[in-house]
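Below are the chains, spelled out letter by letter.
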Amino acid sequence: MNPLALTIFLLSLAIGTTITLSSFHWLLAWIGLEINTLAIIPLMTKTPHPRAIEAATKYFLTQAAASALILFSSLINAWQTGEWNINSLTDLPMNALSIAIMMKLGLAPLHFWMPEVLQGISLPTGLILSTWQKIAPMTLLLQTSHLLNLNLTIALGLTSILIGGWGGISQTQIRKVMAFSSIGHLGWIVVILKFNPLLSLFNFMLYIIMTTAMFMALIAMSTTKMSQISTSWSKTPALSASTMLVMLSLAGLPPLTGFAPKLLITLELVKQDATLLASMVMLISLLALFFYLRLTYIITLTLPPNTPNSLLIWRTPSKSLPPTAIMNILALTLLPLA
């Protein structure tokens, strides 16, 4: 892609997110989300492959439907209350709006587009889709967290954690695994959203750090399948070891970064007398733990029969390794700080 065009699209992404973040009016928030959606579609179709075109089409149709629902419900709200203010919402528009925003985020049972779209695009675009594209809708949810329907958020959060774990078990493509991982993490964020929005924000920030570290490691190793990961140890031992730890961090094992949000969310749920919910959330998370452990087993405990010296990437320095290393350190050592 032309560097100028790429710069324009990335700037449009940044502008769209900034507009949504700084808006106090539903129409402006909607415009920001639209700019965001339209700016990432050319990045998805950067490689003119049928899978990429299909992914971009699926993404566009889903996001257009969610945007239409956002506009429709905010219009009904303006008709009922006479205000476009983000915080002045009545019950019916609020429920429709939260469902539309959760559809944009890819929460279950509105998640079906997410694995398909992520599988069809390149790893760098997948990184943007899994992290940057979630910021604007998540901010809207956080701003309206006090108005959300508790039953709706808990139901969607639990379903997301369940499907995030269940769907990821049978996958052999790492991008699909990362999509289901994203659905599961967003489930954790949404479950606690009504009880403690600050904790949701903290969890969301750590999710972005860990997912970025994981995608950057995959980009550095240029792997998209589990079979490719099994040969990575002999090529890049240090990167493979840190990637394995990032996977365990995503799974939420102590003493890594990913344990902090899970511990704090469980404690908060117990504090709010939702002990049954906390125990269900933790039990369902064991499904996700299974596929992360399977990935760590493949990356560290399986070795190919022989790897010729020409394939040993670690002998040659790579430009992408320093930022990958920084993100890996953040994804592994933030627990003591937290």
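Residues numbered from 1 in each chain as written. Predicted model: local features only at pLDDT ≥ 70, side-chain atom pairs only at ≥ 80, totals over all residues. Heavy atoms only, no water.

For the protein, an unreviewed UniProt entry supplies the name NADH-ubiquinone oxidoreductase chain 2 and the organism Rana johnsi. In its Subcellular location (unreviewed entry) section, the UniProt entry covering the protein states "Mitochondrion inner membrane". Recorded under Sequence similarities (unreviewed entry), the UniProt text for the protein is reproduced unchanged: "Belongs to the complex I subunit 2 family." (UniProt positions renumbered as here; feature names shortened; annotations may be inferred.)

Engineer: What is the right way to look at the pattern of salt bridges in this model?
Structural biologist: Between side chains of opposite charge, pairing is possible as soon as their charged atoms come close. Enumeration over the complete set of coordinates arrives at 4 salt bridges. Of the charged contacts, one joins K58 and E54 as a salt bridge, the two residues approaching to 2.7 Å between their closest N and O atoms. Taken together, the positions of K58 and E54, both in helix α3 (residues 50-81) and 4 residues apart, correspond to about one turn of that helix. Relative accessible area serves as the criterion here: at 28%, K58 is assigned to the partly exposed category. A residue is classified by how much of its surface remains accessible, and E54, at 35% relative accessible area, is partly exposed. With its nearest N and O atoms 3.9 Å apart, the salt bridge here joins K271 to E268. (Salt bridge = Lys/Arg side-chain N within 4 Å of Asp/Glu carboxyl O. Helix = DSSP H or I, 4+ residues; strand = E, 2+ residues; numbered from the N terminus. Buried < 20%, exposed > 50% of the residue type's maximum accessible area, 1.4 Å probe, protein only.)

Engineer: Sorry if this is basic, but what is going on with helix α13 (residues 237-251) here?
Structural biologist: An ideal rise of 1.5 Å per residue puts 21 Å on 15 residues; α13 measures up with 21 Å between its terminal C-alpha atoms. Burial runs high along α13: 11 of the 15 residues are buried. By the burial criterion, the buried members of α13 are L239, S240, S242, T243, M244, V246, M247, L248, S249, L250 and A251. Once α13 finishes, G252 follows within two positions and takes phi at roughly 90°, a positive value. (Expected span 1.5 Å × (residues − 1).)

Engineer: Please clarify how the UniProt feature "domain: NADH:quinone oxidoreductase/Mrp antiporter transmembrane" (unreviewed entry) in the protein should be interpreted in this entry.
Structural biologist: Following the UniProt record, the feature "domain: NADH:quinone oxidoreductase/Mrp antiporter transmembrane" (unreviewed entry) maps to residues 25-285 here. Here residues 25-285 runs as 78% helix and 0% strand, with 37 Å between its end C-alpha atoms.

Engineer: Mind showing me how you'd approach the nonpolar core here?
Structural biologist: In globular proteins that are soluble, nonpolar side chains generally tend to be buried together. Counting residues in hydrophobic clusters, the biggest one holds 58 residues, and the most contacted among them are I40, M44, Y59, L129, M178 and I229. Looking at this core, the element that brings in the most residues is helix α10 (residues 197-221), giving 11 residues. With residues up to four places along the chain from it excluded, the contact list for L129 reads I40, M44, Y59, V117, L118, I121 and K134. Listed in part, the 29 residues of the second largest apolar core include A100, M138, L152 and Y207. (Core = buried A, V, L, I, M, F, W, Y, C linked by side-chain atoms within 4.5 Å. Contact = heavy atoms within 4.5 Å.)

Engineer: I tried to follow the UniProt feature "transmembrane region" (unreviewed entry) in the protein on my own but got confused; where do I start?
Structural biologist: The sites that carry the UniProt feature "transmembrane region" (unreviewed entry) are, in the present numbering, residues 56-76, 96-114, 148-170, 177-195, 201-224, 236-254 and 274-293. Regarding residues 96-114, the helix share stands at 63% and the strand share at 0%, and the terminal C-alpha atoms are separated by 20 Å.

Engineer: Help me understand the environment of M226, please; the structure alone is not making it clear to me.
Structural biologist: In this structure, M226 sits in helix α11 (residues 226-229). A relative accessible area of 8% means that M226 is categorised as buried. Along the sequence, M226 and Q171 sit 55 residues apart, while their C-alpha atoms lie 9.0 Å from each other. Not counting the four nearest positions on each side in its chain, M226 is found in contact with Q171, T172, I174, V177, R294, L295 and I298.

Engineer: Sorry if this is basic, but what is going on with the side chain of S130 here?
Structural biologist: On the secondary structure map, S130 appears in helix α6 (residues 123-130). For S130, a relative accessible area of 1% translates into the label buried. In this structure S130 touches M114, L118, Y207, T211 and F215, once residues within four positions along its chain are discounted.

Engineer: Help me understand the packing of helix α2 (residues 26-44) against helix α7 (residues 132-143) in this model?
Structural biologist: Between two packed helices, the angle of one axis relative to the other and the distance separating the axes together describe the packing. At a minimum axis separation of 10 Å, α2 and α7 run at an interaxial angle of 165°. In terms of orientation, α2 and α7 fall into the roughly antiparallel class. For the element pair α2 and α7, the recorded crossing hand is left-handed. Counted together, W26, A29, L33, N36, T37 and I40 of α2 and W132, Q133, A136, P137 and L140 of α7 form the full contact between these two elements. Considering only residue class, the contact of α2 with α7 consists of 8 nonpolar, 3 polar and no charged. (Axes fitted to C-alpha atoms, helices over the stretch in contact; angles between N-to-C directions. Parallel < 35°, antiparallel > 145°, perpendicular 65-115°, else oblique. Left-handed = near helix turned anticlockwise from the far one by under 90°. Nonpolar A, V, L, I, M, F, W, Y, C, P; charged D, E, K, R; others polar.)

Engineer: Mind showing me how you'd approach a nonpolar patch on the surface here?
Structural biologist: Residues L27, L28 and I31 make up a contiguous nonpolar surface patch of about 220 Å² in total accessible area. Locating I31 in the fold gives a position in helix α2. Given the relative accessible area of 35%, I31 is considered partly exposed. (Patch = residues over 30% accessible without salt bridge, like charges linked within 9 Å, V, L, I, M, F, W, Y side chains within 5 Å. Areas by Shrake-Rupley, 256 points an atom, 1.4 Å probe, with all protein chains shown as cover.)

Engineer: What am I meant to see in the packing of helix α4 (residues 91-105) against α7 here?
Structural biologist: Viewed as axis vectors pointing N to C, α4 and α7 meet at an angle of 155°, and their least axial separation amounts to 9 Å. It follows that α4 is roughly antiparallel to α7 by the angle criterion. In the packing of α4 onto α7, the handedness of the crossing is left-handed. Along its contact with α4, which presents S98, I101, M102, K104 and L105, the element α7 presents K134, P137, M138, L140 and L141.

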